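The residues making up each chain are set out below.
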Amino acid sequence: MSATAVLPKRLTSTVARELAVAISGLLLVGFIISHLSANLLIYLGPEYLNAYAENMRSLGPLLVVARAGLLAVFVTHIVLAVQLAKHNRKARSQGYAIETRHGRKGAATRYMLYSGLMLLAFILLHLTDFTLRSHEGPNAMVGGEDLGLYGLVWNFLGNPIRAVFYIVAVCSLGLHLSHAISSVVVTLGWLSENGTKRAELAARAAGIVVALGFSSIPIYILLKTYVLGGHA
Amino acid sequence: MSKTINLKLRVWRQASPEQAGKFEDYDAKGISTDASFLEMLDVVNDELERHDIDPIAFDHDCREGICGSCGAVVNGCAHGPESATTLCQLHMRKFKDGDVVIIEPWRANGFPIIKDLVVDRGAFDRIIQAGGYVSIRTGQAPDAHAIPIPKPAADKAMDAAQCIGCGACVAACPNASASLFTAAKINQLALLPQGHPERNRRVVAMVEQMDKEGFGSCSKHYECEAACPKEIKVENITAMNREYRRALIARD
């Protein structure tokens, strides 16, 4: 018996699962906004970013609960989205001789699964880089000074290979969001046709803002390290 | 004045649901540009029969774009390259002399192929049977003006009711999803007072049947809207999702 067989049927239909993907996705958008705002503290200097990290750590058990909740949302989003993608692929076993597209949606929609999987790979690396690693010691040393989390970010994103991977990953996040935000209003049954078209524009703008916001950090660090010299 | 063109057809031939199909090439010679796509197939079939070749099987009935019987994927487009048109209303003036035309049936596991271009769309009937109706158990039909209906709601319900159930939405969808069809059939009733008493049960039952038939889910590619000969909008899927969300928290 599958895990979903015990749930009432109306909770396991494709429409219900799309709804769960949309709601978990919206929660993740909230997380991305808070994460990006916190990251931008790097421009204010080591004391601000490190103080923020210290404040987070001081939450203690609350932080554990928040992380568990975030993990649950991530797992729900990924498991259901992959499950639906498999279900959808199975719905047409023989494809067409010519595949053409006429709808108004573009690459972001077509490559949703791939941008999502790219993000998953990135998140795993990102967690081992910054969350699971000690924020002190040799990795945090910049110019002979231990700068804590700030130093760790500085050293890791100052590595051009990591920086490029980071930028590619946040661009795929932007692509993912530029479809997701326009799709969510349909899945949640929120907007009229005109409202949905406006949401498509807003989604594109949000995708660009998020991609630029996150990529500005490694670009800033690389510029400082290799061109301008020094750190903030 | 009409002119004639010659085409190279590449048509999906499949003798029965069990047998494997393959593409066969045929020449369509001397086709009038005033002919419809189905009339072109009629001309080709006449020629095939003269050579004792089994004619190409295709569905058709009214040939005036209102019954929903016809349909094939032509060069990757459901109902061919012209928008808001059924295959029978597609005219050969849309093609150029010497064009290669690839003709395939709707491809979806929910629509098994019966023969050549003919698919079994019984799945749509079963989705309707699951709840796409209003139950009236007693009395006569009331007068049309007895129940006030706001004009915008009536307009949208009529737009949804334009659906002829041809299956182009499924054929065009990358997920072979029947969401647009199911949504139109739900929404034409959900928008009207007569549809309200059964709305929660209806959306749950029809979605369940849609899943059972092996169609995919909607990931908002908008291919269905582009292919629909009756220009049914994705907005109907938004409304279906809203109906479903409502049914999830309802007690009945």
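Residue numbers here run from 1 along each chain, matching the order of that chain's written sequence. Lettering for chains starts from A, numbering for ligands starts from 1, and both go in the order in which the items are written. In keeping with the model being predicted, local features are shown solely for residues with a pLDDT of at least 70 and side-chain atom pairs are shown and tallied solely at 80 or more, while totals for entire chains, interfaces and linings include all residues. Only heavy atoms go into the side-chain values, all of them from the structure, while hydrogens and water stay out.

### What to know about the overall build of chain A
So, step 1. Where helices and strands are cited, they refer to DSSP runs of H or I of at least four residues and of E of at least two residues respectively, numbered from the N terminus. Secondary structure summary: chain A contains eight helices and two strands in total.
So, step 2. Its C-alpha atoms give chain A principal-axis dimensions of about 60 × 40 × 35 Å.
So, step 3. For each residue, the accessible area found with a 1.4 Å probe, counting protein chains only, is set against the maximum for its type, and the residue is called buried under 20%, exposed over 50%, and partly exposed in between. Classification of the 232 residues of chain A by burial places 41% in the buried group.
So, step 4. Here the contacts in chain A between residues at least 6 apart in sequence split such that 72% fall between residues at least 24 apart.
So, step 5. Summed over all atoms, the accessible surface of chain A reaches about 12,500 Å², with 69% contributed by carbon and sulfur.
So, step 6. His residues and chain termini do not enter the charge count, which takes Lys and Arg as positive and Asp and Glu as negative. A single reference atom marks each charge: NZ on Lys, CZ on Arg, CG on Asp, CD on Glu. Taking the 19 positively charged and 10 negatively charged side chains of chain A as two groups, their mean positions are separated by 17 Å. Any pair of residues with heavy atoms lying within 4.5 Å of one another is described as a contacting pair. Only the protein chains shown count as cover for residues, and all accessible areas are computed by the Shrake-Rupley method using a 1.4 Å probe.

### Focus on the domain arrangement of chain B
Interface size is often expressed as the accessible area that is lost when the parts come together.
Residue and element names in this part refer to chain B.
So, step 1. In this document the domain limits rely on a domain assignment from an automatic tool or a database. Along its sequence, chain B is carved into domain 1 (4-104) and domain 2 (121-249).
So, step 2. Measuring from the centre of the C-alpha atoms in domain 1 to the corresponding centre in domain 2 gives 30 Å.
So, step 3. Counting from both sides, the interface comprises 13 residues of domain 1 and, opposite them, 12 residues of domain 2.
So, step 4. By buried area we mean how much accessible surface two parts lose on assembly, using a 1.4 Å probe and totalling the loss over both. Of all residues in domain 1, Gly68, Ala78 and Ala84 give up the largest surface area on contact with domain 2, accounting jointly for 46% of the area buried on that side.
So, step 5. What makes a salt bridge here is a side-chain nitrogen of Lys or Arg within 4 Å of a carboxyl oxygen of Asp or Glu, nothing more. Put simply, domain 1 and domain 2 have one salt bridge between them.
So, step 6. Identification of polar contacts relies on pairs of N or O atoms within 3.5 Å, with a donor-acceptor requirement for protein atoms, meaning one able to donate a hydrogen and the other able to accept it, and with residues adjacent in sequence counted only if both atoms are side-chain atoms. Where domain 1 touches domain 2, the interface holds four residue pairs in polar contact (both at pLDDT 80 or more).
So, step 7. Residue polarity is assigned by list, with Asp, Glu, Lys and Arg as charged and Ala, Val, Leu, Ile, Met, Phe, Trp, Tyr, Cys and Pro as nonpolar; anything else, Gly included, falls into the polar class. When grouped by side-chain class, the residues that make up the side of domain 1 that touches domain 2 number six nonpolar, six polar and one charged.

### Side note on unusual backbone geometry
Residues and elements named next belong to chain B.
So, step 1. With a phi angle near 60°, Asp52 is a residue other than glycine that sits in the positive phi range.
So, step 2. Phi angles above zero are rare outside glycine, and Ala176 is one such case at about 45°.
So, step 3. Considering the arrangement of structural elements, one finds Ala176 in the loop between helix H4 (168-172) and helix H5 (179-190).
So, step 4. The class for Ala176 is buried, based on a relative accessible area of 0%.

### Things to note about the pattern of salt bridges
Residues and elements named next belong to chain B.
So, step 1. Enumeration according to the criterion identifies 26 salt bridges over all chains in this entry.
So, step 2. The shortest N-O distance in the salt bridge between Lys8 and Asp27 comes to 3.0 Å. Of this pair, Lys8 sits in strand E1 (residues 4-13) while Asp27 sits in strand E2 (residues 22-32), and the two are 19 residues apart along the sequence.
So, step 3. Overall, the relative accessible area of 47% leaves Lys8 in the partly exposed class.
So, step 4. Judged by its relative accessible area of 40%, Asp27 falls in the partly exposed class.
So, step 5. Across the pair Asp42 and Arg63 runs a salt bridge, and its minimum N-O distance is 2.8 Å. Pair noted here: Asp42 is in helix H1 (residues 37-50) and Arg63 is in the loop between H1 and strand E3 (73-74), with a separation of 21 residues, a long-range link.

### Some details on the interface of chain B and chain A
So, step 1. Contacts between the two partners involve 50 residues from chain B, matched on the other side by 42 residues from chain A.
So, step 2. The contact between chain B and chain A buries some 3,800 Å² in all, and 51% of this surface belongs to carbon and sulfur atoms.
So, step 3. Three residues, Arg107, Lys220 and Tyr222 of chain B, lead the burial of chain B against chain A; their summed loss comes to 17% of the area buried on that side.
So, step 4. Taken together, the links from chain B to chain A amount to three salt bridges.
So, step 5. When the shortest N-O distance is used, the salt bridge between Glu208 of chain B and Lys9 of chain A registers 3.5 Å.

### Concerning the state of the cysteines
All names here are of chain B.
So, step 1. What counts as a disulfide here is a pair of cysteine sulfur atoms lying within 2.5 Å. Under the counting rule described, the total for this entry stands at zero disulfides over all chains.
So, step 2. The thiol of Cys67 is unpaired, and the distance to the nearest cysteine sulfur, on Cys62, comes to 3.6 Å.
So, step 3. Here Cys88 is not disulfide-linked; the sulfur of Cys70 is the nearest cysteine sulfur, at 3.8 Å.
So, step 4. Take Cys88: its relative accessible area is 5%, and that puts it in the buried class.

### Re the packing of aromatic side chains
So, step 1. Stacked, tilted and edge-to-face pairs are distinguished by plane angle, under 30 degrees for stacked and over 60 for edge-to-face with tilted covering the rest, among Phe, Tyr and Trp rings (Trp via its six-membered ring) whose centres lie within 6.5 Å. The tally for this structure, following the rule as stated, stands at 14 aromatic pairs over all chains.
So, step 2. Ring geometry for Phe130 of chain A and Phe156 of chain A: centres 5.8 Å apart, planes at 50°, overall tilted. Here Phe130 of chain A, found in helix H5 (residues 112-131), pairs with Phe156 of chain A, found in helix H6 (residues 148-157); they are 26 residues apart in sequence, far enough to count as distant. For the pair shown, Phe130 of chain A and Phe156 of chain A are each scored as buried.
So, step 3. Ring centres 5.8 Å apart and planes at 40° place the aromatic pair Phe37 of chain B and Phe95 of chain B in the tilted group. Residue Phe37 of chain B is located in helix H1, and its partner Phe95 of chain B is located in the loop between strand E4 (77-78) and strand E5 (100-104); the two are separated by 58 residues in the primary sequence.
So, step 4. The exposure class of Phe37 of chain B is buried, given its relative accessible area of 0%.
So, step 5. The cationic tip of Arg107 of chain B hangs over the ring face of Trp12 of chain B; the distance from NZ or CZ to the ring centre is 4.1 Å. Geometrically, a charge over a ring is one whose NZ (Lys) or CZ (Arg) sits within 6 Å of the ring centre while staying within 35 degrees of the ring normal.

### Looking at the sheet that holds E3 of chain B
Strand pairing within a sheet occurs via backbone hydrogen bonds; the two strands may be parallel or antiparallel.
Residues and elements named next belong to chain B.
So, step 1. Each pair of strands is called paired provided DSSP finds at least two bridges between the two strands. Spatial strand order, E2-E1-E5-E3-E4: five strands in an open sheet with mixed pairing. Among the strands making up the open sheet, the edge pair consists of E2 and E4.
So, step 2. As defined by bridge partners, E3 adjoins E5 across two bridges and the pair is classed as antiparallel. When the bridges of E5 are listed, Val73 appears paired with Glu104.
So, step 3. The axes are straight lines fitted to the C-alpha atoms, using for helices just the contacting stretch, and the angles between their N-to-C directions are given from 0 to 180°. In this fold H1 packs onto E1, E2, E3 and E5, with an angle of close to 105° to the strand it touches most, E2.

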